[in-house]
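Chain by chain, the residues run as shown.
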Amino acid sequence: MMQVKVSRREALSGGAATGAAMVTASRVDAAASPLLAPRPPMGWNSWNSFATTITEAQARETAAIMRARLLPFGYDIFTVDIQWYEPEASSYSYNATPVPAMDDYGRLVPAPNRFPSSTDGSGFTRLAADVHAMGLQFGIHLMRGIPRLAVKRNLPILGTRYHAADVADTNSVCSWNPDMYGVDMTRPGAQAYYDSVFRLYAGWGVDFIKMDDMSRPYDAHAPEIEAAHRAIQRSGRPMILSLSPGETPVLRGDHVRRFAQMWRISDDFWDEWPMLEAQFTRLENWTPYRAPGSWPDADMLPLGRLALGKRDSRFTPDEQRTLMTLWSIARSPLIMGGDLRHLDAATLALLTNRAVLAVNQASTNNQPHFVEDGARIWSAVPDGAPRDRYVALFNTGATAKAIGLPLRQLGLIAPVAVTDLWSGESRGRVQGHFAVTLPPHGAGLYRLAAR
């Protein structure tokens, strides 16, 4: 088994909090803390392009491209997705009997054959430090629970008298991934296990954790969502918690935004029009819960080269613009999924339009307006310009169509100057009603200035 460095302080402080100690910790958790995600996070994730297979060399190459081409526009979170701990990961499927790299306490560590800088037991410390030196934040994927192999070997939980089998819920399993059992948060040692995991990753310099298998079913997994939140607060390092996948119930909006900074609102999103069309309703439904520090996540942007280099995005150019327009006006996190080593000019232009990104990063009162079938309309208020409006128009139909609405629905009465944010061109002044003819599955994004 791979040996991982454990500090004396970590070993002494890893025990389970019980009784008065747990009450005290809960009070600390409830105290005011700095806002971890005041704006929708922006970055890149390896899943859409590398599946389970990314290596350290590929990660370093991609991070360098990200620094040069996307970081100047605000994309700053670099995330290694699922199974970085699996030595034999090879595709979008999972080994039925995985043998993940773990430390002596059942905590997942990088597979040394794929991440050679971890062979000395330092985990992702060196890779994270080099990513930080590029001006980026470092993120990793984590499955809910405790490795099944740790339970089979009944490994000890750091700093406690408990073992993996004492906290594992072997009836709580992911339907699509065989790596983990759930953790029964009613058992002694359960929170200590999560505390030890997040403390280890904090020590590596992790800034962002995408935690998977969290929402199906949501209520059954809510105790582990809370446990991850507590563990981050106790880790000594601020880390954004991103929950995935599945349709987090809108009725649990108050709960999820208390314990995570972003959460998936759908299953995996790929480059198919029916999936994109379905995200409109989901983002509309989540409007009451969108706020600084809490972001409904419509999932990654499947743009450019995808699927282990086998194909380019199936979205048409119009559908790609619709995707970026919807994610921007609804303030979904912007996480690029395509292979940056094959980043083409058109995709780069789509990702780096500063006027469009400003809608995602610096607007308020983002809301849908319901007009007619085949049309979707959103508006928002630009930060610092309360009399102006951002307006996004969408034609979800199969033929060209004029999409618009009365300006009074936007609170605008006087004539307004219209700027097309995608092209940067002025469209003159309008009064009374604003409409644009859009192609099938097309979108437009505009700034209406009341001057």
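This text follows the structure it describes.
Residues numbered from 1 in each chain as written. Predicted model: local features only at pLDDT ≥ 70, side-chain atom pairs only at ≥ 80, totals over all residues. Heavy atoms only, no water.

Novice: Talk me through the pattern of salt bridges; I want residue IDs and the actual numbers.
Specialist: This structure, assessed with the given rule, holds 23 salt bridges. Linking Asp 268 and Arg 264 is a salt bridge whose minimum nitrogen-to-oxygen distance equals 3.0 Å. With relative accessibility at 1%, the residue Arg 264 sits in the buried group. Overlapping salt bridges, with partners in common, bring together Asp 271, Glu 272, Arg 311 and Arg 314 in one network. (Salt bridge = Lys/Arg side-chain N within 4 Å of Asp/Glu carboxyl O. Buried < 20%, exposed > 50% of the residue type's maximum accessible area, 1.4 Å probe, protein only.)

Novice: Account for empty space enclosed by the protein, naming residues and giving values.
Specialist: Here the structure, examined in full by the defined rule, presents 3 cavities of 30 Å³ or more. Put simply, the largest cavity is a space of about 100 Å³. Lining the largest cavity, in full, are Asn 45, Thr 79, Phe 208, Lys 210, Ser 242, Met 262, Arg 264, Asp 297, Asp 299, Met 300 and Ile 335. Of all elements in the fold, only β7 (208–212) and β9 (262–264) reach the threshold of two or more residues within the lining of the largest cavity. Along the lines of polarity and charge, the residues of the lining of the largest cavity split into 4 nonpolar, 3 polar and 4 charged. (1 Å grid on protein atoms, 1.4 Å probe; cavity = no way out; pocket = protein on both sides within 12 Å on 5 of 7 lines; lining within 4 Å. Points joined across faces, edges and corners; volume = space filled by probe spheres on them. Helix = DSSP H or I, 4+ residues; strand = E, 2+ residues; numbered from the N terminus. Nonpolar A, V, L, I, M, F, W, Y, C, P; charged D, E, K, R; others polar.)

Novice: Help me get a handle on the side chain of Arg 331, residues and values and all.
Specialist: Secondary-structure assignment places Arg 331 in the loop between α12 (317–329) and β13 (334–336). Here Arg 331 sits buried without a salt bridge, and the closest side chain of opposite charge, Asp 383, lies 5.7 Å off (N-O distance). With near-sequence residues (within four places) excluded, Arg 331 lies in contact with Arg 39, Pro 40, Arg 290, Trp 295, Val 359, Asn 360, Gln 361, Ala 362, Ser 363 and Asn 366. (Lys, Arg positive; Asp, Glu negative; His and termini not counted. Contact = heavy atoms within 4.5 Å.)

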